Amino acid sequence: MSSKHQEYGKLYLIPVNLGESNPDKVFPPMNKNIIEGIDDFIVENEKSARRFIKQILPEKSQPDLRLHGLNKFTVASDIPAFLDAAKEGRNMGLLSEAGCPGVADPGAEVVKLAHRFNIQVVPLIGPSSILLAMMASGMNGQSFTFHGYLPIDKKERKNEIKQLERISLERNQAQIFIETPYRNMKFLEDLIQSLHPTTRICVACDLTLETEFIKTATASEWKNIKTDLHKRPAIFIIQKDI
């Protein structure tokens, strides 16, 4: 390890709860101890980041926090300077809006730069909706792909669903998606209509919350399952078996 690396602060990747869950149930005590020693954070949304930090550490001084916003409005050329605190020897935290930083999250760009600058990256333990859904789906945990959002256009979306179903069969691979919460019901309907009746669909909703719902059934079986996913964060997984 180089001496420069030793002089730099670390970049901690700090998971955020997936909703109004009790932090003590989803985070180890070590996360709280690390947040206690950090005042420099890179965050997706300042208001929700401050709320999360206050939830974890009510006694931590909010005026002392130095937050950099990383979202769709951030100018790319400004991002390298976000890591200046680490270069000056201070530990930093990277917060996602929900779940794990760098996974389906703009924080990946900061992590890439941290490696380039030889800043040590330390991932902390916390909930990932993608992995929690995959664990509970009963589908192939040895081979799976996360696609994020599918096209909004109805025809393009159905074509994409059918193509990914073929890939699932050819590779024995689970295919994972997310959707804007208010479009969940329409997305599930598109899956049911587009997929072969025997293709399995997993819906994992409100993960880690009191209202958690996880169900895997075939496309045909889903036609008779009543559930309300509207405006609830959800993960969808499909797999077509041989």
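Starting from 1, residues in each chain are numbered consecutively following that chain's sequence as written. It should be noted that, the model being predicted, local features are given only for residues of pLDDT at least 70 and side-chain atom pairs only at 80 or more, the latter also being counted only at that level, while totals for whole chains, interfaces and linings use all residues. Each side-chain value is derived from all of the structure's non-hydrogen atoms; neither hydrogens nor water enter the calculation.

- Labelled according to an unreviewed UniProt entry, the protein chain appears under the name 16S rRNA (Cytidine1402-2'-O)-methyltransferase, originating from Christiangramia gaetbulicola.

**Details of the pattern of salt bridges**
One side chain can pair with another of opposite charge once the charged atoms of both are near each other.
Moving on, step 1. A pairing counts as a salt bridge when a side-chain nitrogen of Lys or Arg comes within 4 Å of a carboxyl oxygen of Asp or Glu. The final tally for this structure, using the stated rule, is 14 salt bridges.
Moving on, step 2. Note that Glu210 and Lys25 form a salt bridge whose closest N and O atoms lie 3.8 Å from each other. Pair noted here: Glu210 is in the loop between strand E8 (200–205) and strand E9 (213–218) and Lys25 is in helix H2 (residues 23–26), with a separation of 185 residues, a long-range link.
Moving on, step 3. Here Arg90 and Glu88 are joined by a salt bridge, their closest N and O atoms 2.9 Å apart.
Moving on, step 4. Burial classes: relative accessible area under 20% of the type maximum marks a residue as buried, over 50% as exposed, and values in between as partly exposed (1.4 Å probe, protein chains only). Among the residues examined, Glu88 registers a relative accessible area of 56% and is labelled exposed.
Moving on, step 5. Through salt bridges with shared partners, a single ionic network connects Arg157, Glu179, Arg183, Lys186, Glu189 and Asp190. Only DSSP runs of H or I covering at least 4 residues are called helices, and only runs of E covering at least 2 are called strands; the numbering of each starts at the N terminus.

**Some words on the domain arrangement of the protein chain**
Moving on, step 1. The domains assigned to the protein chain are domain 1 (10–123) and domain 2 (129–239).
Moving on, step 2. Domain segmentation is taken from an automatic or database assignment of domains. On a C-alpha basis, the centres of domain 1 and domain 2 stand 29 Å from each other.
Moving on, step 3. Put simply, buried area is how much 1.4 Å-probe accessible surface two parts lose in total, over both of them, once they are put together. Taken over both partners, the interface formed by domain 1 and domain 2 buries close to 510 Å², and the fraction arising from carbon and sulfur atoms is 74%.
Moving on, step 4. There are one salt bridge connecting domain 1 and domain 2.
Moving on, step 5. Its residues assigned to classes, the side of domain 1 that touches domain 2 shows four nonpolar, two polar and two charged. Any residue that is not Ala, Val, Leu, Ile, Met, Phe, Trp, Tyr, Cys, Pro, Asp, Glu, Lys or Arg is counted as polar, Gly included; the first ten are nonpolar and the last four charged.

**With respect to the packing of aromatic side chains**
Moving on, step 1. For Phe, Tyr and Trp, where Trp contributes only its six-membered ring, two rings pair if their centres lie within 6.5 Å, and the inter-plane angle classes them as stacked under 30 degrees, edge-to-face over 60, or tilted in between. As enumerated under the stated definition, the model contains three aromatic pairs in all.
Moving on, step 2. On the basis of an interplanar angle of 75 degrees and a centroid distance of 5.9 Å, the ring pair of Phe27 and Phe52 is categorised as edge-to-face. One end of the pair, Phe27, is in the loop between H2 and helix H3 (29–36); the other, Phe52, is in helix H4 (residues 46–56), and 25 residues separate them in sequence. Of the two residues, Phe27 and Phe52, both sit in the buried class.
Moving on, step 3. Measuring from centroid to centroid gives 6.0 Å for Phe177 and Phe187, while their planes differ by 75 degrees, and the two rings are edge-to-face. On the criterion of sequence distance, the pair formed by Phe177 in strand E7 (residues 174–178) and Phe187 in helix H9 (residues 184–194) is long-range, its members being ten residues apart.
Moving on, step 4. Looking at Phe177, the relative accessible area reads 0%, which means it is buried.
Moving on, step 5. Residue Phe187 is classed as buried on the basis of its relative accessible area of 0%.
Moving on, step 6. Members of the aromatic cluster, joined through ring pairs, are Phe177, Phe187 and Phe236.
Moving on, step 7. Placement of a charge over a ring requires the Lys NZ or Arg CZ to be within 6 Å of the ring centre, with the centre-to-atom vector within 35 degrees of the ring normal. Sitting over the ring of Phe117, Lys87 keeps its end group 3.7 Å from the ring centre.

**So, helix H8 (residues 154–171)**
Moving on, step 1. The terminal C-alpha atoms of H8 lie 26 Å apart, and with 18 residues this matches the ideal 26 Å at 1.5 Å per residue to within 8%.
Moving on, step 2. Residues of H8 that are buried: Arg157, Ile161, Leu164, Glu165, Ile167 and Ser168. Each buried residue of H8 lies within a common arc of 160 degrees when the element is viewed along its axis, so the set occupies one face. More than 90 degrees from the buried face of H8, the exposed residues found are Lys155 and Glu170.
Moving on, step 3. For H8, the secondary structure elements touched by its buried residues are E7, H9 and strand E10 (234–239).
Moving on, step 4. Polar contacts here mean pairs of N or O atoms no more than 3.5 Å apart (in protein, one a potential hydrogen donor and the other a potential acceptor; neighbouring residues in sequence count only if both atoms are side-chain atoms). With a side-chain oxygen lying 3.3 Å from the backbone nitrogen of Lys155, the N-terminal cap of H8 falls on Asp153.
Moving on, step 5. In the segment just after H8, Asn172 is the residue with positive phi, at about 50 degrees. Expected helix span is computed as 1.5 Å times (number of residues minus one). For this quantity, the arc is that covered by the directions from the helix axis to the C-beta atoms. What makes two residues a contact is simply this: any of their non-hydrogen atoms within 4.5 Å.

**Things to note about the sheet that holds E9**
Moving on, step 1. Strand pairing is assigned whenever DSSP detects at least two bridges linking the two strands. Pairing is mixed in the open sheet, where five strands are placed in the order E6-E7-E10-E8-E9. Pairing within the sheet leaves two strands with one partner each, and these edge strands are strand E6 (144–146) and E9. Here the average twist between neighbouring strands, direction ignored, is 15 degrees.
Moving on, step 2. Of the pairings in the sheet, the one linking E8 to E9 comprises six bridges and is antiparallel in character. Across the sheet, residue Arg200 finds its bridge partner in E9, namely Thr218.
Moving on, step 3. To obtain an axis, a line is fitted to C-alpha atoms, over the contacting stretch when the element is a helix, and the angle between two such axes runs from 0 to 180 degrees between their N-to-C directions. Packed on one face of the sheet, H9 meets E7, E8 and E10 and runs near 5 degrees to E10.

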